[in-house]
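# What the coordinates show
Okay, here's what each chain looks like letter by letter:
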Amino acid sequence: MFDTLADAWYVWIGLTAVAAVAFGVGAGLPTEPPPDAAAAVATVDGVVGHSPPARGTHDTVATAVRADADHLRLRNGVATTTARLAFGPVLAVGDGPLRRVALGDPLRAVFDTRAGFRDAVRTARETGSRWRRGSRLVVRHVAWGGDGVALLAVR
């Protein structure tokens, strides 16, 4: 007497609406995890904490990376995450001679003089921080005399 008839039209409309909502919720869920900034910072700090020369790489699910004075930020289509650097600033480099050094070229093969190296570092610092596209972080801690810097290239 109080049963719902399965052939009633309103039952089918209700089931269709519930299925559409469930599909919409499922389709809206992210398909990838947010980037892990803490793991990336652990790699960067591990390199920067060692005496030069030191080098390390870290693969992420990020699509862009930004290194500020004391933070590393990673972002992808899901989220932007941030973690604090323990060992001070890292210089994120774009194209140019510092990128070549960050990716492994010998420091003295790229720069003729220590002053040239120092000028390149100063210019890169003055340019400021910006988002760099890529998902692989390559960090290299180099020094020439008393001038040392941790370089971060994104590939």
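In this report, we go over the structure that sits alongside the text. Just so you know, these numbers come straight off a predicted model, no measurement behind them.

## Notes on the side chain of H58
With respect to the secondary-structure elements, H58 resides in strand β1 (residues 54–59). Here the side chain of H58 touches T43 through a polar contact of 3.2 Å, side chain to side chain.

## Observations concerning the nonpolar core
Across soluble globular proteins, you tend to see nonpolar side chains buried next to one another. Counting 21 residues, the largest nonpolar core has V44, V65, L72, L74, V90 and L152 as its most contacted members. The element contributing the most residues to this core is helix α2 (residues 37–48), with six residues. Membership of the second largest hydrophobic core comes to 17 residues, among which are V101, A120, A124 and V149.

## Describing the pattern of salt bridges
Tallying each qualifying case throughout the model produces eight salt bridges. Note that D147 and R114 form a salt bridge whose closest N and O atoms lie 2.9 Å from each other. Of this pair, D147 sits in strand β8 (residues 147–154) while R114 is found in helix α5 (residues 114–127), placing the two residues 33 residues apart along the sequence. In this structure R114 comes out as partly exposed when scored by relative accessible area, which is 33%. One salt-bridge network, in which partners are shared between bridges, spans R66, D68 and R73.

## Observations concerning the packing of aromatic side chains
The full count for this structure, using the stated rule, is two aromatic pairs. Taken together, a centroid distance of 5.6 Å and an interplanar angle of 65° make the contact between F111 and F117 edge-to-face. The pair formed by F111 and F117 is uniform in burial state, with each residue classed as buried. An aromatic cluster is built from F111, F117 and W144, whose rings are joined through pairwise contacts. Cation over ring: R75 sits above W131, and NZ or CZ is 4.2 Å from the ring centre.

## Some thoughts on the sheet that holds strand β2 (residues 64–67)
One open sheet holds the four strands; their spatial order is β4-β3-β2-β6, and the pairing between them is antiparallel. Each having just a single partner strand, β4 (80–84) and β6 (132–133) make up the two edges of the open sheet. Pairing between β2 and strand β3 (residues 71–75): four bridges, direction antiparallel. Looking across to β3, one finds that A67 is bridged to L72. Across the sheet, α2 touches β3 and β4, and the angle it forms with β4 is around 35°.

Definitions and limits used
- Residues numbered from 1 in each chain as written.
- Predicted model: local features only at pLDDT ≥ 70, side-chain atom pairs only at ≥ 80, totals over all residues.
- Heavy atoms only, no water.
- Helix = DSSP H or I, 4+ residues; strand = E, 2+ residues; numbered from the N terminus.
- Polar contact = N/O pair within 3.5 Å; in protein donor to acceptor, adjacent residues only side chain to side chain.
- Core = buried A, V, L, I, M, F, W, Y, C linked by side-chain atoms within 4.5 Å.
- Buried < 20%, exposed > 50% of the residue type's maximum accessible area, 1.4 Å probe, protein only.
- Salt bridge = Lys/Arg side-chain N within 4 Å of Asp/Glu carboxyl O.
- Phe/Tyr/Trp six-rings, centres within 6.5 Å; stacked < 30°, edge-to-face > 60°.
- Lys NZ or Arg CZ within 6 Å of the ring centre and 35° of its normal.
- Pairing = 2+ DSSP bridges.
- Contact = heavy atoms within 4.5 Å.
- Axes fitted to C-alpha atoms, helices over the stretch in contact; angles between N-to-C directions.

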